Amino acid sequence: MNKLAIVTTHPIQYFAPLFQRIAANDNVSLKVFYSRLSDETQFDPDFGRDVVWDIPLTQGYDHDSFQCSNKNGILNMIHSILEFDASALMVFGWNFPGHLKVIRHFSGKIPIWFRGDSTLLDNFPWWKRTARRLWLTYVYKHVDIAFFVGHANKRYFLWSGLREEQLGHAPHAIDNDFFMREQDTRVSRARKLREQLNIAPEAKVILYVGKLEPKKQPLELATAFMKMQKEQPLLDAHLVFVGSGILESALTELSESESRIHLLGFVNQSEMPETYRIGNFVCLPSKGPGETWGLAINEGIASGLLPIVTDRVGCGEDLVTDKDAIMPAESPEKWPAMLARNLSKTISREDIASAQDRLGKYEDFITAINCAFNGKLP
């Protein structure tokens, strides 16, 4: 049996179901090596609070945790990986404490597989791009295979020195079934949530889901929405923010006189499927840096919403086909008209089904792993 060691930072709600499925695969024996201890990750400075997810994140697969912020923790992780006797080592991201050292230690000894989602979408000055490329070429010389999540990520890997034959497609995915099932029950709950927010059944709703932080531009989205309302007073629309963060007070102050903007605060994972169904569109208006994908867009689409993103969001090229739904990140003054055009459109079941067909699946990742073990990348 092939033995796969995965190095990543800490349990994440998007990856736990993936690890559970890999562990259930008869062809692979999996162990996950976390480079941070649980008490290092519970407080999220961007959310501004302790985050304890209400779904199991460490059940159904073998794992261990190490404090790789110090030398002994890195050495302990390396020793544990050696004891596991992995057939291949997959590392999620290199720019975390201990990850590059682990890559360099095992390079040339066992196959090194890499999982990351970086892109070239952020604007950097030429000197920074040059220095970045030189450094990344060095980093990826230690990698045998990289699994790209989408088109923008693939271009990044090629730019960084990896060859086409070293790249395998393993799209970013969430637990689609978790968000798609129990449709009637969740729609019914969403209707009640709408009633509580005084949102009429026929009104169109844009849902923002994520941390309220500057790079995601929630203030700019709220400002654009309010301007759109003034320019299109007959358009029955609402904007709902789900999440918390450093801009929460500023957003509250900005929108306190606007009855069509609603702030729900932090909502835990088990309640998200019904919360998404409040909306018709899921919007990620980020300008970066570092909005490498945007898995909230996957969740929204799986829940039956259509996506709206900016041109700095990594998933745009793969999950968004409507040109009106990709807004210029650096030109929020253009957003009111673009939001109005989206909200004015009739949404059909075919539109939703088409968007859902573009979603990646955990099974795609497992297929990519099996192909890599067999020496043929998807």
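Relevant structure appears above.
Below or above, wherever it landed, is the structure these notes cover. (Residues numbered from 1 in each chain as written. Predicted model: local features only at pLDDT ≥ 70, side-chain atom pairs only at ≥ 80, totals over all residues. Heavy atoms only, no water.)

**Observations concerning the pairing of strand β11 (residues 237-242)**
Where a strand is regular, its side chains alternate between the two sheet faces. Keep this limit in mind: Each residue is assigned to one of three classes by its accessible area relative to the maximum for its type, calculated with a 1.4 Å probe on protein chains only: buried under 20%, partly exposed between the two thresholds, exposed over 50%. Secondary structure elements follow DSSP: runs of H or I of four or more residues count as helices, runs of E of two or more count as strands, with numbering from the N terminus. Two strands qualify as a pair provided that DSSP identifies no fewer than 2 bridges between them. By convention a crossover is right-handed if, when the strands point away from the viewer, the path from the first strand over the helix to the second runs clockwise.
By the criterion of burial, β11 is predominantly enclosed, with six of the six residues buried. Residues A237, L239 and F241 of β11 are buried on one face, and the alternating residues H238, V240 and V242, pointing to the opposite face, are buried as well. Pairing of strand β10 (residues 204-209) with β11 involves six bridges; the strand directions are parallel. Note that in β11 the partner of V209 across the bridge is V242. You can see the chain leave β10, run along helix α9 (residues 218-231) and come back into β11, and the turn it takes is right-handed. In this fold, the crossover linking β11 to strand β12 (residues 261-265) by way of helix α10 (residues 248-255) has right-handed handedness.

**Focus: the sheet that holds strand β14 (residues 306-310)**
Worth spelling out the cut-off: Contacts between residues were defined by any pair of non-hydrogen atoms, one from each residue, lying within 4.5 Å. A fitted line through C-alpha atoms represents every axis, and for helices the fit uses only the stretch in contact; the resulting angles, taken between N-to-C directions, go from 0 to 180 degrees.
The six strands are arranged β12-β11-β10-β13-β14-β15 in an open sheet whose pairing can be described as parallel. Both outer strands of the open sheet, β12 and β15 (326-327), are each paired with one neighbouring strand and no more. Bridge analysis of strand β13 (residues 281-284) against β14 gives four bridges, and the strand direction is parallel. Pairing of V282 across the sheet is with P307, part of β14. Relative to the sheet, helix α12 (residues 295-302) contacts β10, β13 and β14, its axis offset from that of β13 by approximately 175 degrees.

**Considering the packing of helix α5 (residues 126-140) against helix α6 (residues 151-159)**
The test is simple: By definition in this entry, angles of less than 35 degrees are roughly parallel, angles greater than 145 are roughly antiparallel, angles of 65 to 115 are roughly perpendicular, and the rest are oblique. All residues other than Ala, Val, Leu, Ile, Met, Phe, Trp, Tyr, Cys, Pro, Asp, Glu, Lys and Arg, Gly among them, are scored as polar; the first ten of these are nonpolar and the last four charged.
Their axes nearest at 9 Å, the elements α5 and α6 cross at an angle of 80 degrees. Considering the angle they form, α5 stands roughly perpendicular to α6. Residues R129, R132, R133, L136 and Y140 of α5 form the contact with α6, whose participating residues are Y156, F157 and W159. Taken together, the residues of the contact of α5 with α6 sort by class into five nonpolar, no polar and three charged.

**Structural notes on unusual backbone geometry**
Going from G288 to P289, the amide bond is cis rather than trans, its omega being 5 degrees. With respect to the element layout, P289 can be found in the loop between β13 and α12. Positive phi, normally seen in glycine, also occurs at D85, with a value near 60 degrees. Judged by its relative accessible area of 55%, D85 falls in the exposed class. Of note, E182 is a non-glycine position whose phi angle comes to about 55 degrees, a positive value.

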